[in-house]
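Letter by letter, the chains look like this.
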Amino acid sequence: MSWMSTDVLLAITVGVLKAIVILLAAVLSGAFLTVIERRLLGLWQDRYGPNRVGIFGSGQLIADMIKIFFKEDWIPPFADRKLFVLAPAIAFASLLLSFLVIPITPGWGVADLNIGILFFFAMAGINVYAVLFGGYASANKYALIGAMRASAQTLSYEVFIGLSLMGVVAMTGSFNMRDIVNGQEGLWYIVPQFFGFLTFLIAGVAVTHRAPFDQPEAEQEIADGYHVEYSSMKFGMFFIGEYVGIVLVSALLTTLFMGGWHGPLLPPIVWFLLKTSFFVMLFVLARAALPRPRYDRVMQFGWKFCLPLTLINLLVTGVVVLLTA
Amino acid sequence: MDLAAQLAQNWSVGVFIVAVLALCTFMVTASALLGGRAWGHNKETPYESGIVPAGSAHQRFSVKFYMVAMLFVIFDVEALYLFGWAISIRETGWTGLIGATIFIFILLAGLIYDSRVGALDWVPKRRVQPDRVHQPAQRDQADN
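Predicted model only: the values in this text are computed from it and were never measured. Position numbers for residues start from 1 in each chain and track the written sequence from start to end. Numbering of ligands from 1 and lettering of chains from A proceed in the order in which they are written. With the structure being a predicted model, the display of local features is reserved for residues of pLDDT at least 70 and the display and counting of side-chain atom pairs for 80 or more, all residues being used for whole-chain, interface and lining totals. Only heavy atoms go into the side-chain values, all of them from the structure, while hydrogens and water stay out.

### Here's the deal with the overall build of chain A
Piece 1. The helix and strand inventory of chain A stands at eleven helices and zero strands.
Piece 2. Here a helix means four or more residues in a row that DSSP labels H or I, a strand means two or more in a row labelled E, and each is numbered from the N terminus. In chain A, the order of α-helices and β-strands from amino to carboxyl end is α-α-α-α-α-α-α-α-α-α-α.
Piece 3. We take the radius of gyration over the C-alpha atoms and set the globule estimate at 2.2 Å times the residue count to the 0.38 power. Taken against the 2.2 N^0.38 rule, which gives 20 Å for 325 residues, the C-alpha radius of gyration of chain A at 21 Å falls within 12% of a compact globule.
Piece 4. Projected onto its principal axes, the C-alpha positions of chain A cover 60 × 55 × 45 Å.

### What to know about the interface of chain B and chain A
Piece 1. The criterion used for residue contact is that any of the two residues' heavy atoms lie within 4.5 Å. If you look at the interface, chain B gives 70 residues, while chain A gives 82 residues.
Piece 2. When two parts are put together, the accessible area they lose, computed with a 1.4 Å probe and summed over both, is reported as buried area. Between chain B and chain A, roughly 6700 Å² of surface is buried when both sides are summed, and carbon and sulfur atoms account for 79% of that area.
Piece 3. If you sort the residues of chain B by the area they bury against chain A, Phe16(B), Met27(B) and Phe83(B) come out on top, with a joint share of 10%.
Piece 4. Here, a salt bridge means any side-chain nitrogen of Lys or Arg that lies within 4 Å of a carboxyl oxygen of Asp or Glu. Our count for the contact surface shared by chain B and chain A stands at zero salt bridges.
Piece 5. Polar contact is defined as a pair of N or O atoms within 3.5 Å, subject to the rule that within protein one atom must be able to donate a hydrogen and the other to accept it, and that residues adjacent in sequence are counted only when both atoms are side-chain atoms. The interface formed by chain B and chain A holds four residue pairs in polar contact (both at pLDDT 80 or more) in total.

### Focus on helix H10 (residues 268-289) of chain A
Within an α-helix, residues lying three or four positions from one another point in the same direction, as the helix has 3.6 residues per turn.
All names here are of chain A.
Piece 1. Between the first and last C-alpha of H10 there are 31 Å, a value that for 22 residues agrees with the 32 Å anticipated at 1.5 Å per step.
Piece 2. Every buried residue of H10 is accounted for by Trp-271, Phe-272, Lys-275, Thr-276, Phe-279, Val-280, Phe-283, Val-284 and Ala-286.
Piece 3. Elements that come into contact with the buried residues of H10 comprise helix H1 (6-44), helix H7 (194-207) and helix H9 (232-257). The span you would expect from a helix comes to 1.5 Å times its residue count less one. Think of it in three bands: residues with accessible area under 20% of the maximum for their type are buried, residues over 50% are exposed, and the middle band is partly exposed, with areas taken using a 1.4 Å probe on protein chains only.

### A look at the side chain of Thr199(A)
Piece 1. Note on placement: Thr199(A) falls in helix H7.
Piece 2. Contacts of Thr199(A), omitting those with residues within four sequence positions, involve Phe160(A), Ser164(A), Cys306(A), Leu309(A) and Thr310(A).

### Let's talk about the UniProt feature "transmembrane region" (unreviewed entry) in chain B
Residue and element names in this part refer to chain B.
Piece 1. Here the UniProt-annotated "transmembrane region" (unreviewed entry) positions come out as residues 12-34, 65-87 and 93-113.
Piece 2. Secondary structure across residues 12-34 comprises 100% helix and 0% strand; the distance between its end C-alpha atoms is 32 Å.
Piece 3. The span residues 93-113 shows a helical share of 100% and a strand share of 0%, and its end C-alpha atoms are spaced 30 Å apart. UniProt positions are given in the numbering used here, feature names are shortened, and annotations may be inferred rather than shown by experiment.

### Some words on the environment of His227(A)
All names here are of chain A.
Piece 1. Inspection of the secondary structure assignment puts His-227 in the loop between helix H8 (219-222) and H9.
Piece 2. Residue His-227 is classed as buried on the basis of its relative accessible area, which comes to 7%.
Piece 3. Measuring from C-alpha to C-alpha, the distance between His-227 and Leu-96 comes to 19 Å, with 131 residues separating the pair along the chain.

### Digging into the UniProt feature "transmembrane region" (unreviewed entry) in chain A
Piece 1. On the UniProt side, "transmembrane region" (unreviewed entry) is annotated at positions that read residues 7-33, 82-102, 114-134, 155-175, 187-207, 235-257, 269-290 and 302-323 of chain A here.
Piece 2. Here residues 302-323 of chain A runs as 100% helix and 0% strand, with 30 Å between its end C-alpha atoms.

Okay, here's the thing in C-alpha cells:
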C-alpha cells in the first residue's frame, strides 16, 4: 500500500480533524467552566452569580473574553521579561497537551500512546515550572512566596500521584489508557482501587491548586500568589489553564477509575461527558463547601498520610494480582 | 496497527501539539497588541498591598523549601522503580513481589525516619533547646 493513496490521506484528514475538535472542546470547556463555576458558586451561596449578559448569563464568557483581550498587557519593568511571558504559556500548554492521551470513546482520542499515563506525569511535572517561573520572574514578594508554596505543594503531591495510579497499572498490566478503559468493562477500578482513587483525587486537586488546596493563591495571606503581577490575557491563561486542569483531572478520573466510556444504554460519548462533568461539579462543590486548611497541615497530610497509603495500596494490589493471576 | 492508522495518529499528534503552541502564541500576542496603554505616577512598582515596596523581592526564603525539593527527588526517583515493577507484575511473579516488598518497606522506613527527625514537620514542634525543655519541670518543683 502506498502511503499517498486516497484512503491513507482520508484517514490522516479525519484523524487531524478529530484532534482539532478535541483540542477546541478542551479549551472551550475550560473557558466555559470559568462562568459555570461562578454561577454554581452563586447558586450554592444563595445569590445569583453572573446572570446579566445573555439568557441566564450565557453570554458572560464572550463579554469576559472581549474585556480581557482589551485590557492593558502590562509587563512590569522590574520583571524578568522572557520568563514572565513564558510562564503563562507553559501553564496553559502543559495541561492542554495531556489531553493527547485521553481516550474519549472507542473511535475518538488523539493518540493511542503505550506510555499514556507517563505522558500525563511528564506534563504535570512541566506545569510546576509555570508557577515557579511566573513567581520568580514577577520580582514581587507575594509572587515569590506564592510560587515557592505552590511548587513545594505540587511536588509533595506529585510524589504519590504516580504511585496512586500504579495500582490501576498493575491490575491492567499496561500504561496505555485505552487498555485501562477496556480492562474496566466488568468492574470499574474505583471498587478494587478505592484508596488509589481517593489519593489520586486529592493529588489532582492539589496539583491544579484548587480549593481546599489553594494555599498558593491564598488571597488573605499572599494577595494572589504567583500571578499577582499578571494582567490581561496572560492572567487569563493562568486562569483558563487552571480550569483546563480541572477538566483534565476529571477526564483522567473518569478514564482510570470510572470505566471511561463504558455504561449501559446511552452512547459512549454521553457516558464519558456525564462522568467527567460529575467530577467537574465535585471540584466546584469542594470549593464551595470546604474551608482552606493551614499550609503545614497540607504538607504533612501529603507526606505522612497519602504517601504511605499509596505505597501500601500498591503492595496489597500486587499481592492480590499475583494471587488471582 | 496498520500503516494508515499509524500515519493518521502521528499526524494528529503533530497537529495537536502545533495547534496548542499556536493558540498560546495567539493569546499572548493578541492581548499585547489589542490592550490599551495607561500611565501613572506609581504604576511601575511591585504590588505590595498599596505600601511603598521595601527592598528587593529576590530575597531569602525558608530552608524548608529546599528540604521538600530534596525529599521529592529521593522519593520520586524511588517511586519510578516501582512504576517498572507495577507494569511487569505478572512477569516477575512472587520473586518480584518479595523484592518490591523489601523496597517499599525500605521506603517506608526512610519516611518514618524523616518524620522522626522532623523533616516533614513544616514547623518543628520541639526545637532541640535543652534549657527550655527543662524549664517547666523546674518550675513545678519550685511550686511544690
